[in-house]
Amino acid sequence: MDLLLTGIFSATVNFADILINVIAVEIGMNVIEIGLLNAAWVFFYVFSLRFFEKLHEARKTKTPLVYSVLPFFISGVLTYVSLQFRETSFIYLAYIFHAVSSAASNIGINSYVLEAYSSLKWQKALSTRNTYSQIIEATMYMMCYLVGIDFLLPNYLLLIALLVSMLVLIALRLRLTMSIPERTLFRIEKQVSQILRPAKGLYYLTSLQDYGIATGMASWYVRRSSIFIPLLSIAGLKLGNEFLLTPLPYILLKSAGLSGNVLMIIYSLGKFVSGVSLVLLGASLYSTRLTRWSTILRLLALPGIFLVKSPIILGLLLGLFYTVSVILELNTYWLYINITAGESISTYSAVSASSSLVGSLLSGGIYALSGVGGLVVANIMVLLPVFAELREMRHIEW
């Protein structure tokens, strides 16, 4: 039940994110301004992460979730004001407050999973939460389509009031049930493993058939330096995400001439396909083989998203992109917390968000100068670190 609630919380914040970008296009912002808007979001997101990480390290895991509600409400009010007066300065302020809310919710939700569940269940818990988030977000877009974007935008303040009420109830409901933080237990387990593995390696070296196992164990210390590999990988993935997702609403609404309702259908179908795919994949989300195939499919989906005209096919391709992106990010995150024993979440989040900042700043300029072709080429280039990550994944436990 708690994972479902965290999925609803995350989906609600993400849903408001897309709506703000749609409204930004509606009030007349160009693709360069959209990039700057998203860059401002990421800048304040990174800044906010540090503050809420301190709350988490003080073992106040649920507090960031509570603190995320107020900036979410302020963001909604400012977005409504910008829509009424067609003023871009208010949309910048709205998105900044949304960044603060998103930072608080992400730290709170991710930390909650790591604290509330056994380390043996981290993989399943993280993937389940992401699946819930995707499907619920898809449902929100579909409801937005059924109600009608033309009806929703004038009544945006009422929508925000309903969403805020839901977030308050969820934040108050979530409670930790474990008396000892699970991340502490996991860290102790890792430290003991560091001591025991070399001794085990010496024992196994007496048997030729176990030589390969012993070699892998003995190299564990060397692999500690590989913390940079998942950080480079998440940086590349986030850059690629921004090169596609930041200018996408503008491209579809302005360049392709689609309506806001059709855009909601595309996003709904994309999130639904992603959520169902994650459910079908289940526990097999974490593997080197799936990571390899996800990398290939992501490269293949990119040109189609920019070139196809059919909203249905576009939604399916966007769903494929979402799915493989979640898989790649989950596996990258799992590699990172396996190396760091679940510590330094803010470092990972800061690298992720900083990469998004750069990607947001560059995306509008790349599209303005070289069109969709430049965005596709840039996406391919930043995905190269993932191939190094594939080699590193052979040395961790799945």
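What you see is a predicted model, and the numbers here were worked out from it, not measured in a lab. Throughout, residues of each chain are indexed from 1 in the direction in which the sequence is written. Two thresholds apply to this predicted model, a pLDDT of at least 70 for residue-level local features and 80 or more for giving and counting side-chain atom pairs, whereas whole-chain, interface and lining totals are computed over all residues. To get the side-chain values, take all heavy atoms of the structure and skip hydrogens and water.

Novice: Which parts of the structure should I look at to understand helix 16 (residues 311-340)?
Specialist: Since the α-helix turns once every 3.6 residues, residues separated by three or four places project in the same direction. Numbering of helices and strands runs from the N terminus; a helix is a DSSP stretch of H or I covering at least four residues, while a strand is a stretch of E covering at least two. The span you would expect from a helix comes to 1.5 Å times its residue count less one. Across its 30 residues, helix 16 extends 42 Å between first and last C-alpha, which sits within 8% of the 44 Å expected from 1.5 Å per residue. Accessible area is worked out with a 1.4 Å probe on protein chains only. A residue is then buried under 20% of its type maximum, exposed over 50%, and partly exposed in between. Counted residue by residue, helix 16 has 24 buried out of 30 residues, so it is predominantly covered.

Novice: Is there a simple way to think about the packing of aromatic side chains in this case?
Specialist: For any pair of aromatic rings, the description consists of the separation of the ring centres together with the inter-plane angle of the planes. We call Phe, Tyr and Trp rings a pair once their centres come within 6.5 Å, taking the six-membered ring for Trp, and we label the pair stacked below 30 degrees between planes, edge-to-face above 60, and tilted otherwise. Scanning all chains against the criterion turns up eight aromatic pairs. Between Tyr 333 and Tyr 348 the ring centres are 5.1 Å apart and the planes differ by 55 degrees, which places this aromatic pair in the tilted class. Of this pair, Tyr 333 sits in helix 16 while Tyr 348 sits in helix 17 (residues 345-382), and the two are 15 residues apart along the sequence. In terms of burial, Tyr 333 and Tyr 348 fall into one category: buried. Grouped by ring-pair contacts, the aromatic residues Phe 15, Tyr 141 and Tyr 267 constitute a single cluster. Cation placement over rings: the criterion is NZ of Lys or CZ of Arg within 6 Å of the ring centroid and within 35° of the ring normal. Over the ring of Tyr 322 we find Lys 271, and its NZ or CZ is 4.0 Å from the ring centre.

Novice: Is there a simple way to explain the confidence of the model for the protein in this structure?
Specialist: Detail in the predicted coordinates should be disregarded across regions flagged by low pLDDT. Summarising the model, the protein shows a mean pLDDT of 80, and 80% of its residues fall at 70 or more. Taken element by element, the protein is modelled with least confidence in helix 10 (residues 211-218), mean pLDDT 38, and with most confidence in helix 4 (residues 69-85), mean pLDDT 95. The pLDDT value tells you how sure the predictor is about a given residue, anywhere from 0 up to 100. The contact criterion used is simple: two residues touch if any of their non-hydrogen atoms lie within 4.5 Å. Predicted confidence for residues 176-180 stays below pLDDT 50, and this span has eight contacts to residues more than four positions away or in other chains. Across residues 185-225 the pLDDT falls below 50, and counting only partners more than four positions away or on other chains, this stretch makes 33 contacts in the model.

Novice: Where do I start with the side chain of Lys 271 in this structure?
Specialist: Residue placement: Lys 271 occurs in helix 14 (residues 260-281). Here Lys 271 is in contact with Gln 134, Ile 135, Glu 137, Ala 138, Tyr 141 and Tyr 322, once residues within four sequence places are set aside.

Novice: Sorry if this is basic, but what is going on with the nonpolar core here?
Specialist: Soluble globular proteins tend to bury their nonpolar side chains together. In this structure, Phe 9, Phe 15, Phe 72, Ile 91, Met 264, Tyr 267 and Ile 305 are the most contacted members of the largest nonpolar core, which totals 84 residues. The element that contributes the greatest number of residues to this core is helix 1 (residues 2-26), accounting for 14 residues. Not counting the four nearest positions on each side in its chain, Tyr 267 is found in contact with Ile 18, Tyr 141, Leu 248, Pro 249, Leu 318 and Tyr 322. Here, nonpolar core refers to any group of buried Ala, Val, Leu, Ile, Met, Phe, Trp, Tyr and Cys residues whose side-chain atoms link them within 4.5 Å.

Novice: Would you take a moment to explain the environment of Phe 52 for this structure?
Specialist: You can see Phe 52 is positioned in helix 2 (residues 31-57). Note on Phe 52: relative accessible area 5%, which makes it buried. Sequence-wise, Phe 52 and Asn 106 are 54 residues apart; in three dimensions their C-alpha atoms are separated by 9.6 Å.

Novice: Teacher, can you tell me more about helix 4 here?
Specialist: Between its terminal C-alpha atoms helix 4 stretches 25 Å, which fits the 24 Å expected from 17 residues at 1.5 Å a residue. Looking only at helix 4, the buried set comprises Val 69, Pro 71, Phe 72, Ser 75, Gly 76, Leu 78, Thr 79, Ser 82 and Leu 83. Following helix 4 by one or two positions, Arg 86 adopts a phi angle in the positive range, close to 55 degrees.

Novice: I keep staring at the pattern of salt bridges and nothing clicks. Help me out?
Specialist: When the charged atoms of two side chains with opposite charge come close together, those side chains can pair. We define a salt bridge as a side-chain nitrogen of Lys or Arg found within 4 Å of a carboxyl oxygen belonging to Asp or Glu. Scanning all chains against the criterion turns up three salt bridges. One salt bridge in this structure joins Asp 2 and Arg 173, with 3.4 Å as the shortest N-O distance. With a gap of 171 residues between them, Asp 2 in helix 1 and Arg 173 in helix 8 (residues 156-173) connect regions that are remote in the sequence. Owing to a relative accessible area of 15%, Asp 2 belongs among the buried residues under this scheme. Lys 271 is the partner of Glu 137 in a salt bridge, and the nearest nitrogen-oxygen pair spans 3.4 Å. Residue Glu 137 is located in helix 6 (residues 122-147), and its partner Lys 271 is located in helix 14; the two are separated by 134 residues in the primary sequence.

Novice: How should I be thinking about the packing of helix 15 (residues 288-307) against helix 16 in this particular structure?
Specialist: Between two packed helices, what matters for the description is the angle formed by their axes and the separation of those axes. With their axes 9 Å apart at the nearest point, helix 15 and helix 16 run at an angle of 145 degrees to one another. As for the relative orientation of helix 15 and helix 16, their crossing is left-handed in sense. Within the contact between the two elements, helix 15 uses Leu 290, Thr 291, Ser 294, Thr 295, Leu 297, Arg 298, Ala 301, Leu 302, Gly 304 and Ile 305 and helix 16 uses Leu 314, Leu 317, Leu 318, Leu 320, Phe 321, Val 324, Ser 325, Ile 327, Leu 328 and Asn 331. The residue classification treats Ala, Val, Leu, Ile, Met, Phe, Trp, Tyr, Cys and Pro as nonpolar and Asp, Glu, Lys and Arg as charged. All others, Gly included, are polar. Considering only residue class, the contact of helix 15 with helix 16 consists of 13 nonpolar, six polar and one charged. To get an axis, a line is fitted to the C-alpha atoms, and for a helix only the part in contact is used. The angle between two axes follows their N-to-C directions and goes from 0 to 180 degrees. Left-handed describes a crossing in which the near helix is turned anticlockwise from the far one by less than a right angle; the clockwise case is right-handed.

Novice: What is the right way to look at the packing of helix 1 against helix 14 in this model?
Specialist: Remark: helix 1 packs on helix 14, axes separated minimally by 12 Å, with the N-to-C direction vectors making an angle of 150 degrees. When the axes of helix 1 and helix 14 are compared, the pair comes out roughly antiparallel. Judged by the sense of rotation from one axis to the other, the crossing of helix 1 with helix 14 is right-handed. Mapping the contact onto sequence places Ile 18, Leu 19 and Val 22 in helix 1 and Leu 263, Met 264 and Tyr 267 in helix 14. By residue class, the composition of the contact of helix 1 with helix 14 is six nonpolar, no polar and no charged. Any angle that is under 35 degrees is reported as roughly parallel, and any over 145 degrees as roughly antiparallel; angles of 65 to 115 degrees are reported as roughly perpendicular and all others as oblique.

Novice: Explain the environment of Ser 133 here, please?
Specialist: Its location among the elements puts Ser 133 in helix 6. What makes Ser 133 buried here is its relative accessible area of 6%. A C-alpha to C-alpha distance of 9.2 Å links Ser 133 and Leu 5, two positions 128 residues apart in sequence. Contact partners of Ser 133, with chain neighbours within four places excluded, come to Gly 7, Ser 10, Ala 11 and Asn 14. Counted as a polar contact is a pair of N or O atoms within 3.5 Å, where, for protein atoms, one must be capable of donating a hydrogen and the other of accepting one, and residues adjacent in sequence contribute only when both atoms are in side chains. Looking at Ser 133, its side chain comes within polar contact range of the side chain of Ser 10, at 3.4 Å.

Novice: Looking at this model, I keep getting lost on the side chain of Thr 131. Mind explaining?
Specialist: Here Thr 131 shows up in helix 6. A residue is classified by how much of its surface remains accessible, and Thr 131, at 8% relative accessible area, is buried. Contact partners of Thr 131, with chain neighbours within four places excluded, come to Gly 275, Leu 278 and Val 279.

Novice: What's the story with the environment of Asn 130 in this structure? I'm lost.
Specialist: By secondary structure assignment, the location of Asn 130 is in helix 6. The spatial distance from the C-alpha of Asn 130 to the C-alpha of Ser 274 is 9.8 Å, given a sequence separation of 144 residues.

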